[in-house]
Amino acid sequence: MRYMMNKLFIFVFIFLGLNVVNGCPFFLSKYFVNIHSSIHNDNVTLRCQSKDDDLGSHVLSPNNDYEWSFCQSFSRATLFFCHFWWNNNEQIFDVFNSTMGEWCREGRPEGDICRWLVREDGFYFYEPIEYGRWLKQYYWKPVSKTSLTYG
């Protein structure tokens, strides 16, 4: 009897796991990362990736966005980072990790969103819960001699 119950539990778990909500199994959260450039009259080059996915290099023109979505891993250890280049400056940082996921609750019906703003003076994260405003997180750094190529 116990063997049959274990089989039934596994079957139900697999069946429910295959029931996809907004592109993700029902037990995983869907997130969007949105990066908006407000740098005037100049492009920003960025390359974003996780352990499993390299999203490639992209050129972000003034007042435009780059956005992607993903299902957070079962272990809640999903991490995406981006390398940015602009006007002999650069910066590398996590645009999503499990801690940030808690701050990305400005939801869309299809999932939560982490918003980043790229400006001449640095990078801002939109925190919708406690502050409801853009919070500066990082400054630009001069390009290092070892990272002169874009991705």
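Here, every reference points to the structure presented above.
Owing to the predicted nature of the structure, the values given are computational and were not obtained by experimental measurement.

Undergrad: Could you give an account of the overall build of the protein chain, naming the residues involved and the relevant values?
TA: The number of helices and strands found in the protein chain is two helices and 13 strands. For the protein chain, the residues scored as buried account for 35% of the 151 residues in total. Across the protein chain, contacts joining residues at least 24 apart in sequence account for 54% of those joining residues at least 6 apart. Total accessible area on the protein chain is roughly 9,300 Å²; 56% of this is exposed by carbon and sulfur atoms.

Undergrad: Explain the environment of aspartate 121 residue by residue, including any values.
TA: Counting through the fold element by element, aspartate 121 comes out in the loop between strand 10 (111-119) and strand 11 (122-127). Separated by 82 residues in sequence, aspartate 121 and isoleucine 39 have C-alpha atoms that sit 9.2 Å apart.

Undergrad: Would you mind going over the sheet that holds strand 13 (residues 141-142) in detail, with residue names and values included?
TA: Spatially, 5-4-7-8-13 is the arrangement adopted by the five strands of the open sheet, whose pairing is antiparallel. The open sheet has two edge strands, strand 5 (54-60) and strand 13, and neither has a second partner. Where strand 4 (residues 44-49) and strand 5 come together, five bridges link them in antiparallel fashion. Within the sheet, the bridge partner assigned to leucine 46 lies in strand 5 and is histidine 58.

Conventions we followed
Residues numbered from 1 in each chain as written. Predicted model: local features only at pLDDT ≥ 70, side-chain atom pairs only at ≥ 80, totals over all residues. Heavy atoms only, no water. Helix = DSSP H or I, 4+ residues; strand = E, 2+ residues; numbered from the N terminus. Buried < 20%, exposed > 50% of the residue type's maximum accessible area, 1.4 Å probe, protein only. Contact = heavy atoms within 4.5 Å. Areas by Shrake-Rupley, 256 points an atom, 1.4 Å probe, with all protein chains shown as cover. Pairing = 2+ DSSP bridges.

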